[in-house]
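Examining the three-dimensional arrangement
Residues per chain are reported as follows:
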Amino acid sequence: MKIKVKLFAYFRDNRFMEEFRDYPKGTTVGNVVDGLDIDREEVGVLMTNFRHTSFEAELKEDDILAIFPVVGGG
Amino acid sequence: MKDRIFRVNLTDMTTTVEDVPESWAGHGGRGLTSTIVAAEVDPTCHPLGPKNKLVFAPGLLSGTVAANSGRLSVGGKSPLTGTIKEANGGGTAAQLMARCGVKALILEGQPADDKWFSLAVTPEGVTIEEETELVGKGNFAVLETLSTRLENNPAIITIGPAGEMKMAAANISIKDPDGGIRSNGRGGLGAVMGSKRVKFISVTPGDAKLEIADPEAFKAANRTFAKALVDHPVSQALGQYGTNVLVNIINESGGLPTKNFTQGQFEGHEKISGETMHDTIKERGGRVKHNCHPGCVIQCSQVYHDADGKKLTSGFEYESIWAMGADCCVDNLDHIAMADKLMDDIGIDSIETSVAFGVAMEAGILEFGDGEGVCRMLKEDVATGTGLGRVIGNGAGSVGRTYGVTRVPVVKNQAIPAYDPRAIKGIGITYATSTQGADHTMGYTIATNILNVGGAVDPLTKEGQVELSRNLQIATAAIDSTGMCLFIAFAALDNEECLPALIDLLNARFGISLTADDVVNLGKYILKTEREFNEKAGFTNLDDRLPEFFYNEPLSPHNVVFDFSGEEIDTFWDF
Ligand code: SF4
C-alpha cells in the first residue's frame, strides 16, 4: 500500500522531507519509524492524517504519516 | 544590597526609595506587578490617564546566576484590554535592575505639559531628565544614540513611535546583550509608558551585587536546574530551530490559523517553517543560536540575515512568523523578517499588529499575501501615525470595528495568537479565561495537546481541557514570578529534578523554606488577585468567551468548531 511519509526537523538530515513509499499490508507506524532508522526514543509526535497516533497503530492505503522529533516552542 | 521600591511621580517630578512593605516581600515579577497594580490602581481608571501606574519588577531570581532568570515583568491596566496586564520579556534590564536593589519600579502620575523625559536608575535611586533628541525616534536609533551617550553599558528600556502615539498595541522594548531588541509585547503597556511621557529608562548598577542567603546551596541547586534544562530534548530543539519549529507541526495538526482564521492549514507553511529558517540562517551566515539575556542556557533566539548577509532581525519568533505569515498568507520569510524588524523599531506588538493586518486584508485594505504592502504600510502609516496607521496600531479589534469585519479573532479585545482554538481546544480555554485577554503564554496547553510534553490530551476533544488549562495557568503565574523564561516549563513538566531545584534556588536566595504547595498557592493567589481587579473594572464571566465565529464556522481540515458551553468554561474558576 502507498503511504505518504513526512519527516520534520533533523529527521530530514540524510533522509528526505516527504515521500510516497510502499509498505505491505499490516505495517504499523512503528515499523515505518524503525525502517527509517529513526530511534523511537527521539520521536516526539506522530500523526496520521493530521491526528495524533501511536507506534502500534496500523496504517492503511493513502495514509499521510508525519514523524516529528521531540520539539517545543511557544 | 537590600531590595527596595523605587517610585517616580511624573506629576510633581519627585522620586523616592522606600522599604518593601511586608506583604510584598515574598513577591517578584508578575506576582509583584499584579499585587501592586491591584493595591494601588483604581480598576475603573483610564489606562492612559494619571491614575494608572506602570510597574516594573524583576523576577525573584533575576540578577543571580540562576539559568534563564532574566525576565522583566511590566504591569499596569491595559489600554488594549481594559484588564490588569503583565507582559514579560528578556534583555538585560531585569538582571541589572535587580542588582540596583530594585524590587519594583513604579511610575505614577502624568506631566502637565507635553515635554518628554528619561529616567536613570542606579542603586542610589532614580533621576529624571528632560529628553528632546530622541523624541519621535525609532527604537534602533534610540539604542544607537544611547550607546555613545551613556557610559557603562546600561540596560535600556524604551518605547518607539507607537508608544509615543499611545497606540493600544505599543510594546516596551528592552535592549538585548548585542544591541538587538526584546519586547514586553502584549497589551499596549508601551502606550502607558508614553502616557507618562517617559521615552526611555536606563539602568546602571555599577558594582552593586545582590545578596544570596545561602550561596553554597544556591550554586548546587543551580547546577541541577541548569542540567535539567540543558538535557531536555525540547531545549535542544529550541536552540537548533528556534520556536519557529512549530510552524510545521501546528500546520500538520490542522490548528494553524490561516487567512484571518478561515483555514487550519497554510499552503506556504514549508517556506516559513523553522526548518527553512534554520537552513537560510546557516546559508547567509547568521546565528542559529542566540540568547536574549546572559545566563540563558536554551538560546531559542537567533540572528536572521538578509540575502546580502546583513543582519535583518533577531529574536524571530514563531508567533510573529505565524501572524505575518500564515494569518496574512505571506509565504516569503524575508518579507516577514523585514516586517518584524519594522515592528521592533516602531515598538509595536508583532502578534497584535500582524493579526490586525489579517483583519485589514479581509476588509480589502490589502491583498492577502502582500508582504511588501505590509512593510510599506508599517513605514508610511503606522510609524508616522496616519489615520489608517492608528487604526491598525490600535489592534485587530480596532480594525474590525472600523471596517465592519465580523471575523475578528480577539478575546477581551486582544488578538488570538498562533493556535486555533477549534482544532486545539485546550488553548481555547486559556484564551477565554486568561485574566489578560487571549494569550497563549498564560497557559500553554500546546505542550500537552500537541507536543506530548507533560502527558497527552487529545486536542480535538473537550475532555480534560479545562483542568489542563487551569493547572498550567496556575503554574505559569508562579513561574512568571521567578523571572524564569517560560521555556523552563518543558523541562519542569517532564524532569522530576527540575521544579524542586527551582524551589531550592528560591529558598537559597532568600533564606526561606517554600514547598511545592506554596508555589501552587502563589499561582492561585496571582490569578485570583488579577481576576478581582478585572471584576472591579467591570468584567464578568460573560467576557470569558470566544468570538462568535469560532462557534459556528467549522475549521478545515478537521471541520470542527469550538463547542464549550459558557457553564463549562466557567468551571475553570473552581479552585
Ligand atoms: S530560551 Fe529564548 S526566550 Fe528564554 S531566555 Fe533563552 S533566548 Fe530568552
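Residues numbered from 1 in each chain as written. Chains lettered and ligands numbered in written order. Predicted model: local features only at pLDDT ≥ 70, side-chain atom pairs only at ≥ 80, totals over all residues. Heavy atoms only, no water.

Quick notes on the overall build of chain A
So the rule is basically this: Helix and strand definitions here come from DSSP, where helices need a minimum of 4 consecutive H or I residues and strands a minimum of 2 consecutive E residues; each element is numbered from the N-terminal end. With C-alpha atoms as the basis for the radius of gyration, the globule rule is written as 2.2 Å multiplied by the number of residues raised to the power 0.38. Relative accessibility thresholds used throughout: buried, under 20% of the residue-type maximum; exposed, over 50%; partly exposed, between the two (1.4 Å probe, protein chains only). We call two residues in contact whenever any of their non-hydrogen atoms come within 4.5 Å of each other.
Looking only at helices and strands, chain A features 1 helix and 5 strands. Relative to the 2.2 N^0.38 estimate, which gives 11 Å for 74 residues, the radius of gyration of chain A is 11 Å and therefore close to what a compact globule would have. In terms of its C-alpha atoms, chain A occupies a principal-axis envelope of roughly 35 × 25 × 20 Å. When burial is assessed residue by residue, chain A has 54% of its 74 residues classed as buried. Pairs at least 24 residues apart make up 53% of the contacts formed inside chain A by residues separated by at least 6 positions.

Focus on unusual backbone geometry
All names here are of chain B. The omega angle of the peptide bond from Ser556 to Pro557 is 0°, so this bond is cis rather than trans. Among the secondary structure elements, Pro557 is positioned in the loop between α22 (549-552) and α23 (566-570). One non-glycine residue with positive phi stands out, namely Lys166, at about 55°. Here Lys166 shows up in the loop between α4 (161-164) and β10 (172-175).

What to know about the sheet that holds strand β5 (residues 84-89) of chain B
Either a parallel or an antiparallel arrangement is found when strands of a sheet pair, and the pairing is made through backbone hydrogen bonds. Residues and elements named next belong to chain B. For clarity, the threshold we go by: Any two strands with at least two DSSP-identified bridges between them are counted as paired. Only the stretch in contact is used when a helix axis is fitted, and all axes are lines through C-alpha atoms; the angle between N-to-C directions ranges over 0 to 180 degrees.
One open sheet accounts for 6 strands, arranged β2-β1-β6-β3-β4-β5; its pairing is mixed. Unpaired on one side and paired on the other, β2 (14-18) and β5 mark the two borders of the sheet. Direction aside, neighbouring strands of the sheet carry axes that sit 15° apart on average. When strand β1 (residues 4-9) meets β2, the two strands line up antiparallel, connected through 5 bridges. Paired with Asn9 across the two strands is Thr14, which belongs to β2. Of the strands in this sheet, β1, β3 (54-58), β4 (72-77), β5 and β6 (102-108) touch helix α1 (residues 29-40), which is tilted by about 155° from β3.

Structural notes on helix α9 (residues 274-284) of chain B
For α9(B), the complete set of buried residues consists of Gly274(B), Glu275(B), Met277(B), His278(B), Thr280(B) and Ile281(B). Positioned one or two residues after α9(B), Gly285(B) has a phi angle of 80°, which is positive.

Observations regarding the site of the ligand
Selection rule: Only heavy atoms are used to decide nearness, and a residue is near a molecule or strand if one of them lies within 4 Å of it. Each residue is assigned to one class: nonpolar for Ala, Val, Leu, Ile, Met, Phe, Trp, Tyr, Cys and Pro, charged for Asp, Glu, Lys and Arg, and polar for all the others, Gly among them.
As a matter of local geometry, the ligand sits amid 14 residues, with Cys292(B), His293(B), Cys296(B), Cys300(B) and Cys485(B) nearest to it. Each residue belonging to the shell around the ligand can be placed in one class, and the counts come to 6 nonpolar, 6 polar and 2 charged.

Some words on the sheet that holds strand β15 (residues 311-314) of chain B
Residues and elements named next belong to chain B. Taken in spatial order, the 3 strands make up an open sheet running β13-β14-β15, and their pairing is antiparallel. Looking at which strands have only one partner, the edges of the open sheet turn out to be β13 (287-290) and β15. Across this sheet, the average inter-strand angle for adjacent strands is 25°, counted without regard to direction. For β13 and strand β14 (residues 301-305), the ladder comprises 2 bridges, and the chain directions are antiparallel. Bridged to His290 within β14 is Ser301. Of the strands in this sheet, β14 and β15 are in contact with helix α11 (residues 333-346), which crosses β15 at around 70°.

Focus: the packing of α1(B) against helix α21 (residues 516-536) of chain B
Residue and element names in this part refer to chain B. To keep things clear, this is the line we draw: For this classification, under 35 degrees means roughly parallel, over 145 means roughly antiparallel, 65 to 115 means roughly perpendicular, and everything else is oblique. The hand of a helix crossing depends on one turn: near helix anticlockwise from the far one by less than a right angle means left-handed, and clockwise means right-handed.
Two numbers describe how α1 lies on α21: the axes approach to 10 Å, and their chain directions differ by 30°. By the criterion of interaxial angle, the relationship of α1 to α21 is roughly parallel. Remark: the crossing between α1 and α21 carries left-handed chirality. Contacts between α1 and α21 pair Arg30, Gly31, Ser34, Thr35, Val37 and Ala38 from the former with Tyr525, Ile526, Leu527, Thr529, Glu530 and Phe533 from the latter.

Overview of the nonpolar core
Let me state the cut-off plainly: The definition of a nonpolar core used throughout is a set of buried Ala, Val, Leu, Ile, Met, Phe, Trp, Tyr and Cys residues joined through side-chain atoms within 4.5 Å.
Core analysis: the biggest nonpolar cluster contains 115 residues, and Ile249(B), Ile250(B), Tyr419(B) and Leu451(B) have the highest contact counts within it. Excluding its chain neighbours within four sequence positions, the residues that come into contact with Leu451(B) are Gly44(A), Val45(A), Val71(A), Gly72(A), Gly73(A), Leu246(B), Ile249(B), Tyr444(B), Ile446(B) and Phe490(B).

Describing the packing of α11(B) against helix α13 (residues 371-382) of chain B
Residues and elements named next belong to chain B. Contact pair α11 / α13: the axes reach a minimum separation of 8 Å and the direction vectors enclose 15°. Classified by the interaxial angle, the pair formed by α11 and α13 is roughly parallel. Taken as a pair, α11 and α13 cross one another with a handedness that is left-handed. Residues His335, Met338, Ala339, Leu342, Met343 and Ile346 of α11 touch α13, and the partners they reach there are Gly371, Glu372, Val374, Cys375, Leu378, Lys379 and Val382. Across the contact of α11 with α13, the residue classes tally to 9 nonpolar, 2 polar and 2 charged.

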